[in-house]
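Given next are the chains, with one letter for each unit.
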Amino acid sequence: MGTEMLPATVMADLHRYNITDFSEAVLRETLEERVETYTLIRLAPWPARRWKCRYRLMMGADFYDAQSVAEAYALALLASLKSPHNPQNR
C-alpha cells in the first residue's frame, strides 16, 4: 500500500510538516513517536458499508475513519501534529 491510497489533501497536509514518506510503516512509526496509545480496527463488512470506511483508528476521545491503514495513520498523525499540545505549534 503506497501513496495511491492517500488522498492528495492528506499528502499535502503531511508535506507541510515535512513528512514526505507516505508509506504505511513510516506513518505508523511517526505516529507512535507522538502518541502513547491508539487502537486500529478493521471493520466488518456491514459497518464498513454503513460508515463508508474500511478502518477506524481510535485515539483518546477521537476517531478517524479511513479506506486504508496508511490513511488512518496519516489522519491520526495530522491530528496529533495540529494539536494545541504539540510543542511545535506554540
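Structure shown above.
Residues numbered from 1 in each chain as written. Predicted model: local features only at pLDDT ≥ 70, side-chain atom pairs only at ≥ 80, totals over all residues. Heavy atoms only, no water.

1. Describing helix α2 (residues 24-34)
Put simply, the rule is: Burial here depends on accessible area, computed with a 1.4 Å probe over protein chains only, as a share of the maximum for the residue type. Under 20% is buried, over 50% is exposed, and the range in between is partly exposed. In this description a helix means any DSSP run of H or I spanning at least four residues, a strand means any run of E spanning at least two, and both kinds are numbered starting from the N terminus. What the arc measures is the spread of directions leading from the helix axis to the C-beta atoms. When checking whether two residues touch, look at their non-hydrogen atoms; a contact exists if any pair is within 4.5 Å.
Of the positions making up α2, those classed as buried are L27, T30 and L31. The buried residues of α2 occupy one face: seen down the axis, they fall within an arc of 100°. In this structure, the buried side of α2 is in contact with α1 (8-16), β2 (55-59) and α4 (69-82).

2. Notes on a nonpolar patch on the surface
In plain terms, the rule: Patch membership requires more than 30% relative accessible area and the absence of a salt bridge. Residues of like charge join within 9 Å; the nonpolar side chains Val, Leu, Ile, Met, Phe, Trp and Tyr join within 5 Å. The Shrake-Rupley method, run with a 1.4 Å probe sphere, supplies the accessible areas, and residue values consider only the shown protein chains as cover. Salt bridges, as used here, are contacts in which a Lys or Arg side-chain nitrogen is within 4 Å of a carboxyl oxygen on Asp or Glu.
A cluster of nonpolar side chains, I41, M58 and F63, forms an exposed patch at the surface whose accessible area comes to about 250 Å². Judged by its relative accessible area of 34%, M58 falls in the partly exposed class.

3. Side note on the sheet that holds β2
Here is the rule we go by: We treat two strands as partners when DSSP finds at least two bridges between them. In this analysis an axis means a line fitted to C-alpha atoms, helices contributing only their contacting stretch, and an angle means the value between N-to-C directions, from 0 to 180 degrees.
Read from one edge of the open sheet, three strands run β1-β2-β3, paired in antiparallel fashion. Two strands in the sheet have a free side with no partner beyond their single neighbour: β1 (39-42) and β3 (62-66). Averaged over all pairs of adjacent strands, the angle between their axes in this sheet comes to 20°, without regard to strand direction. Inspection of the sheet shows β1 paired to β2 by four bridges, in the antiparallel sense. When the sheet's bridge partners are listed, T39 is paired in β2 with M58.

4. Looking at unusual backbone geometry
Phi at N18 is positive, roughly 60°, even though this residue is not glycine. Here N18 lies in the loop between α1 and α2. Phi is positive for K52, which is not a glycine, with a value near 55°. Structurally, the position occupied by K52 is in the loop between α3 (45-51) and β2. Of the residues examined, K52 reaches a relative accessible area of 66% and is grouped as exposed.

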